Amino acid sequence: MSDRILVATRKGLFTITKSNTGWSISQADFLADNCSMVMHDPRDGMLLVGLDHGHFGCKMHRSRNGGKSWEECASPAYPEKPDDFEDIPNPMSNTVIKWNTELLWELQPGGNDEPGVIWCGTLPGGLFRSNDAGDSWELNRTLWEDPRRQEWFGGGFDYPGIHSIHVDPRDSAHILLGVSCGGVWRTTDGGKTWECDGTGMRAEYMPEEKAYDPGIQDPHILVRCRDSLDCLWVQHHNGIFRSTDNARSWQEITDVKPSTFGFAVAVHPADPNTAWFVPAIKDEKRIPVDAKVVVTRTRDGGETFEQLSKGLPQEHAYDLTFRHSLDVDENGDRLVFGTTTGSLWVSEDQGDSWQNVSTHLPPIYCTRFVKE
Amino acid sequence: MPSVFLIFVIGKAVPHVRFTDNIQRHVKCPAAEAQGETVREVLTAYFAEIPFAKNYVLDDQGALRKHMVIFVNSQQIADRVKLSDSVPSDGTVEIIQALSGG
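The rules behind the values
Residue positions within a chain follow its written sequence, with the count starting from 1. Both sets of labels track the order of writing: A upward for chains, 1 upward for ligands. Totals for whole chains, interfaces and linings use all residues, but because this is a predicted model, local features are given only for residues with pLDDT of at least 70 and pairs of side-chain atoms are given and counted only at 80 or more. Processing note: side-chain calculations cover all non-hydrogen atoms of the structure and skip hydrogens and water entirely. Each helix corresponds to a stretch of at least 4 residues labelled H or I by DSSP, and each strand to a stretch of at least 2 residues labelled E; elements are numbered beginning at the N terminus. Note on method: radius of gyration uses C-alpha positions; expected globular size equals 2.2 Å times residues raised to 0.38. Categorising residues by exposure relies on relative accessible area from a 1.4 Å probe, with only protein chains included: less than 20% of the type maximum marks a residue as buried, more than 50% marks it as exposed, and the intermediate range marks it as partly exposed. We call two residues in contact when some of their heavy atoms are within 4.5 Å. Just so you know, the count uses Lys and Arg for positive and Asp and Glu for negative, and it drops His and the chain ends. Working definition for charges: the position is that of NZ of Lys, CZ of Arg, CG of Asp or CD of Glu. Among the buried residues, those of types Ala, Val, Leu, Ile, Met, Phe, Trp, Tyr and Cys that are joined through side-chain atoms within 4.5 Å form a nonpolar core. Two strands pair if DSSP finds at least two bridges between them. Angular values range over 0 to 180 degrees, each being the angle between N-to-C directions of two axes fitted as lines to C-alpha atoms, with helices fitted over their stretch in contact. Only the six-membered ring of Trp is used, alongside the rings of Phe and Tyr, when aromatic pairs are assigned; centres must lie within 6.5 Å, and planes under 30 degrees apart are stacked while those over 60 apart are edge-to-face, with the rest tilted. Whether a charge sits over a ring depends on NZ of Lys or CZ of Arg being within 6 Å of the ring centre and within 35 degrees of the ring normal.

1. What about the overall build of chain A?
Regarding its fold elements, chain A presents one helix and 27 strands. Against the 2.2 N^0.38 benchmark of 21 Å for 372 residues, chain A shows a C-alpha radius of gyration of 19 Å, consistent with a compact globule. Here the C-alpha coordinates of chain A stretch approximately 60 × 50 × 40 Å along the principal axes. Per-residue burial for chain A yields a buried fraction of 59% across its 372 residues. The long-range fraction of contacts in chain A, counting pairs at least 24 apart against all pairs at least 6 apart in sequence, stands at 51%. Here chain A contributes 36 positive and 56 negative side-chain charges, whose respective centroids are spaced 3 Å apart.

2. Things to note about the nonpolar core
Leu48(A), Met60(A), Leu107(A) and Trp137(A) are the most contacted members of the largest nonpolar core, which has 31 residues in total. Those residues in contact with Trp137(A), other than ones at most four positions away along the chain, are Leu48(A), Met60(A), Ala74(A), Ser75(A), Pro76(A), Leu107(A), Ile118(A), Trp119(A), Cys120(A), Phe128(A), Arg129(A) and Ser130(A). Within the second largest apolar cluster, 27 residues are counted, among which are Val42(B), Val57(B), Leu83(B) and Val87(B).

3. Focus: the sheet that holds strand S6 (residues 58-63) of chain A
Residue and element names in this part refer to chain A. The sheet built from four strands is open, its strands ordered S4-S5-S6-S7 with antiparallel pairing. Each having just a single partner strand, strand S4 (34-40) and strand S7 (71-73) make up the two edges of the open sheet. For this sheet, the mean inter-axis angle between neighbouring strands, taken without regard to orientation, is 30 degrees. Of the strand pairs in this sheet, strand S5 (residues 47-52) and S6 are connected by six bridges, and their pairing is antiparallel. When the bridges of S6 are listed, Leu51 appears paired with Lys59.

4. Some words on the sheet that holds strand S19 (residues 262-267) of chain A
Adjacent strands of a sheet pair through backbone hydrogen bonds, lying either parallel or antiparallel. All names here are of chain A. On the basis of which strands lie adjacent, the open sheet formed by four strands has the order S19-S20-S21-S22 and antiparallel pairing. The strands lining the two open edges of the sheet, one partner per strand, are S19 and strand S22 (306-308). Taken over all neighbouring pairs, the strand axes of this sheet differ in orientation by 25 degrees on average, direction set aside. In this structure, strand S21 (residues 295-298) lies alongside S22, joined through three bridges in antiparallel fashion. Its bridge partner being in S22, Arg297 is matched across the sheet by Glu306.

5. A word on the pairing of strand S2 (residues 12-19) of chain A
Residues and elements named next belong to chain A. By the bridge criterion, six bridges tie strand S1 (residues 4-9) to S2 in an arrangement that is antiparallel. Paired with Arg4 across the bridge in S2 is Thr17. Turn length for the S1-S2 hairpin, with the two strands adjacent in sequence and antiparallel, is two residues. The antiparallel pairing of S2 with strand S3 (residues 22-29) creates a hairpin that spans two residues between the two strands.

6. Focus on the packing of aromatic side chains
For the structure shown, the criterion picks out 17 aromatic pairs over all chains. Seen in terms of ring centroids, Phe56(A) and Tyr56(B) are 6.2 Å apart; in terms of plane orientation they differ by 50 degrees. Their pairing is tilted. Separated into two different chains, Phe56(A) in the loop between S5 and S6 and Tyr56(B) in helix H2 (residues 51-57) make up a pair that spans both. Overall, Phe56(A) belongs to the buried group, its relative accessible area being 2%. On the basis of relative accessible area, Tyr56(B) is assigned to the buried category, the value being 0%. Ring geometry for Phe261(A) against Phe263(A): centres 5.6 Å apart, planes inclined by 80 degrees, an arrangement best described as edge-to-face. Just as Phe261(A) is buried, Phe263(A) falls in that class too. An aromatic cluster is built from Tyr78(A), Phe85(A), Trp99(A), Phe128(A) and Trp144(A), whose rings are joined through pairwise contacts. Here Lys59(A) stacks its cationic end above the ring of Tyr56(B), 4.3 Å away from the centre of that ring.

Printed below as a string of structure tokens:
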């Protein structure tokens, strides 16, 4: 059971802890700074936070003592662009993607057999690996220089980005990436080669003949069941998708009330058929349906869904939950989600009821249980 | 944190470098003298002493960050990519934020 939650926001990193009196904010770090991502490394307890200083660019900080103190470490930076590199203009905007870090969007530890390895997904689409816990970073050049990568386009941002990284516990060289917009990518050799080989995702927003092209899909987030590793869920721009064959094929789940649109999904760590979503009105409106905040839950792999609202605002609520802002703890009982309006809710009964922790945090980008 | 560094060249003036106050809460960038005949050379000399400051001012490709500006003797530099603008030996290089970044 996780008693600590890290919350990355537009104006700082907040630690939420549970005490005898309930959940509360126990610590604030990097106040006023834009925290785009945070990671807790269960292998050694290290905390890593990605910052976006705007004028001064993206920076990385880490803590080796549970957040008591922080130090700046290296931040992923693109290497010098070779003079002979032939850019392919982005198909949507006809612009060339620069070799510059625009956002630190995802951080994930490597496998248990590779201590010190950290993966970082960025805008405008580079994947970086650190072998030394953030002392240095190296761009995965095979993916970056793959001509297919240059067909990616931004979804919500001007640039495409890698927001989901899953290192397979059975084989640390087998990694899945979620890209907006560029689909789900796979390497089985630690990043030497890449494939975008999943079928079944559908992009309603594209011309009909391109709708099932794996490389133009917009998976908002990709999550994997801890105990059933071949079972994954995607909250897609176009709806909800599920895979039971390790992202080789996807099945679309439709007719979910109040909406299949959203950004976030969490899957129960021990039950691949149980997953939670925070829906909104598609797609340019992006507010809760009927201004009521609800969480939807399936317990049967997407056959049926419940709307969970106990403890959540049911009138004039305009909270949107971003893709990294819903998480489930290692037991599958506790959930947390945070919103663009700075509201944060925790559930201790798998979403049956929710406790409000705050309604006035800065806009929330990421919530993560500290899983010891 | 490195100490304030000064490059003294006996009998010869050296460009003076000054940073916006707003950068100081992230990385201490004390005003200092740094040798060089172009903006690039002056900054390279400065960042040799305070390496972490470099990426706060320059992007991954070594160009001036989008929302930063540099003035040499109160004149905004023209070359934001190669930073080839000349710096007089007694010149002042000022690195500040552009309001464009919000």
